[in-house]
Amino acid sequence: TYNIHYEVCATIILLVLIIMFLSRKRYTYKSDYAFLVLLFVAFFSTSSNLLTVVTIEHSQQIPVWFNYLLNMFHYYTTNACVFVYLIYLYFHIKKSAPFTKTELAIVSTLAVTDIVLISATPHTKWIFYFDEQKNYQSGEYKWLLFVISSIVLMICLIETAINRKVLSTIQKVLVCIFTVLNVSAVFIQLLNPELMVIGFAVATALMLIYITLANPDNYIDKLTGIYNATAFRETMKSYIYRGNEFSVISVRMEDFHRVNKSMGKEKGDALLTEI
């Protein structure tokens, strides 16, 4: 018997975040795309987890092959969350190509190991399997998936420490929160397999990231609806890091305060928006 309440809450939170993120004008930056992918992967993870609860409870009436595919999809998306989060973090740190050859080799090895363990499960029964009575059983190497996820989270912490001068204080705090929440959730679920809390930990961390860092409104001027100074600085950082040549055109409207004084601030705001 599974306690699905946390997973239901997580699915709702993630769905709301996706709708909010897509409904706003977005600053077209790589980290934004990575965050959107992260939201979708987390949503597929929690929603598929809820579906597996139903199919496992009715495993006698549902084809075994379908149960295998659904559970494998859940494990793929759940473990993909930490990898996509690592990519999201790298885009914040390095502003361009996210991995060196060494980093790519390490992360790729971990990702391939994850995929092989899950893909081979129908034959090896390493992660999970259905016995002769079609009952769901955990495999003896399921813990390896949690170890791999924890290693990726540790890489996030290490990269944050190495690149602490590049990241803001809030970014460093959020990396720590994301790691602590997920590692804690992993241990809780290992000790209490019926308590589905990993998705809720991920959803909570992503909600904090959205509020503080990934909210599209952070890059939009509220009055005019165009990109603001924050978006300008992020673009400059990206160009400077990659060594791109670029030009900056500055337009100044002298004595604009006279419009506000003579015609009122509302007319002044309308003129500013028009310009």
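Below, the structure is looked at part by part. (Residues numbered from 1 in each chain as written. Predicted model: local features only at pLDDT ≥ 70, side-chain atom pairs only at ≥ 80, totals over all residues. Heavy atoms only, no water.)

So, on to the overall build of the protein. Summing up its helical and strand segments, the protein has 11 helices and 2 strands in all. Written out in order from the N terminus, the α and β elements of the protein read α-α-α-α-α-β-β-α-α-α-α-α-α. Viewed in the frame of its principal axes, the protein has a C-alpha envelope of about 85 × 40 × 30 Å. In the protein, buried positions account for 43% of the 275 residues. Within the protein, residue pairs in contact and separated by at least 24 positions form 67% of the contacts whose partners lie at least 6 positions apart. Total accessible area computed for the protein in this model is approximately 15400 Å², and 65% of it derives from carbon and sulfur atoms. In the protein, which carries 22 positive and 19 negative side-chain charges, the distance between the mean positions of the two groups comes to 9 Å. (Helix = DSSP H or I, 4+ residues; strand = E, 2+ residues; numbered from the N terminus. Buried < 20%, exposed > 50% of the residue type's maximum accessible area, 1.4 Å probe, protein only. Contact = heavy atoms within 4.5 Å. Areas by Shrake-Rupley, 256 points an atom, 1.4 Å probe, with all protein chains shown as cover. Lys, Arg positive; Asp, Glu negative; His and termini not counted. Charge placed at Lys NZ, Arg CZ, Asp CG, Glu CD.)

Before going further, it helps to spend a moment on the packing of aromatic side chains. Using the criterion set out here, one finds 17 aromatic pairs in the structure. For the ring pair tyrosine 85 and phenylalanine 178, a centre distance of 3.7 Å and an interplane angle of 10° mean the geometry is stacked. Pair noted here: tyrosine 85 is in helix H3 (residues 64-94) and phenylalanine 178 is in helix H7 (residues 169-191), with a separation of 93 residues, a long-range link. Residue tyrosine 85 shares its accessibility class with phenylalanine 178, and that shared class is buried. Clustering of aromatic rings is evident, with ring pairs tying together Phe21, Phe35, Tyr85, Tyr88, Phe178 and Tyr210. (Phe/Tyr/Trp six-rings, centres within 6.5 Å; stacked < 30°, edge-to-face > 60°.)

Below, the discussion takes up unusual backbone geometry. A positive phi angle is found at lysine 125, which is not glycine, with a value near 65°. Relative to the assigned elements, lysine 125 resides in the loop between helix H5 (121-124) and strand S1 (128-130). With a phi angle near 65°, lysine 134 is a residue other than glycine that sits in the positive phi range. By the secondary structure assignment, lysine 134 is in the loop between S1 and strand S2 (136-138).

So, about the pattern of salt bridges. Evaluation of the coordinates by the stated rule reveals 1 salt bridge. Here aspartate 269 and lysine 265 are joined by a salt bridge, their closest N and O atoms 3.1 Å apart. Residue aspartate 269 and its partner lysine 265 are located together in helix H11 (residues 265-274), separated by 4 residues, close to a single helical turn. Looking at lysine 265, the relative accessible area reads 55%, which means it is exposed. (Salt bridge = Lys/Arg side-chain N within 4 Å of Asp/Glu carboxyl O.)

Formed by 55 residues in total, the largest nonpolar core has its most connected members in Phe35, Leu39, Tyr85, Phe128, Leu206 and Ile209. Broken down by secondary-structure element, the contributors of at least two residues to this core are helix H1 (5-23), helix H2 (30-57), H3, helix H4 (101-119), S1, helix H6 (143-162), H7 and helix H8 (198-214). Here the element with the most residues in this core is H3; it accounts for 14 residues. Excluding its chain neighbours within four sequence positions, the residues that come into contact with leucine 206 are Leu14, Leu17, Phe35, Leu38, Leu39, Ala42 and Phe178. Membership of the second largest hydrophobic core comes to 6 residues, among which are Phe146, Val186, Ile198 and Ala201. (Core = buried A, V, L, I, M, F, W, Y, C linked by side-chain atoms within 4.5 Å.)

Here the focus is a nonpolar patch on the surface. On the surface, a nonpolar cluster with roughly 640 Å² of combined accessible area is contributed by Trp126, Tyr141, Trp143, Val147, Ile151, Phe187 and Leu190. Those elements that place two or more of their residues in the nonpolar patch are H6 and H7. If you tally residues by element for the nonpolar patch, the top one is H6, at 3 residues. Relative to the elements of secondary structure, tryptophan 143 occurs in helix H6. The exposure class of tryptophan 143 is partly exposed, given its relative accessible area of 44%. (Patch = residues over 30% accessible without salt bridge, like charges linked within 9 Å, V, L, I, M, F, W, Y side chains within 5 Å.)

A few words now on the packing of H6 against H7. The N-to-C vectors of H6 and H7 enclose an angle of 165°; their axes lie 10 Å apart at closest approach. Compared by their axis directions, H6 and H7 come out roughly antiparallel. As H6 runs across H7, the sense of the crossing is left-handed. Note on element contacts: H7 touches H6 through Lys172, Val175, Cys176, Phe178, Thr179, Asn182, Val183, Val186 and Leu190, opposite Phe146, Leu153, Met154, Cys156, Leu157 and Thr160. Here the contact of H6 with H7 is composed, by residue class, of 11 nonpolar, 3 polar and 1 charged. (Axes fitted to C-alpha atoms, helices over the stretch in contact; angles between N-to-C directions. Parallel < 35°, antiparallel > 145°, perpendicular 65-115°, else oblique. Left-handed = near helix turned anticlockwise from the far one by under 90°. Nonpolar A, V, L, I, M, F, W, Y, C, P; charged D, E, K, R; others polar.)

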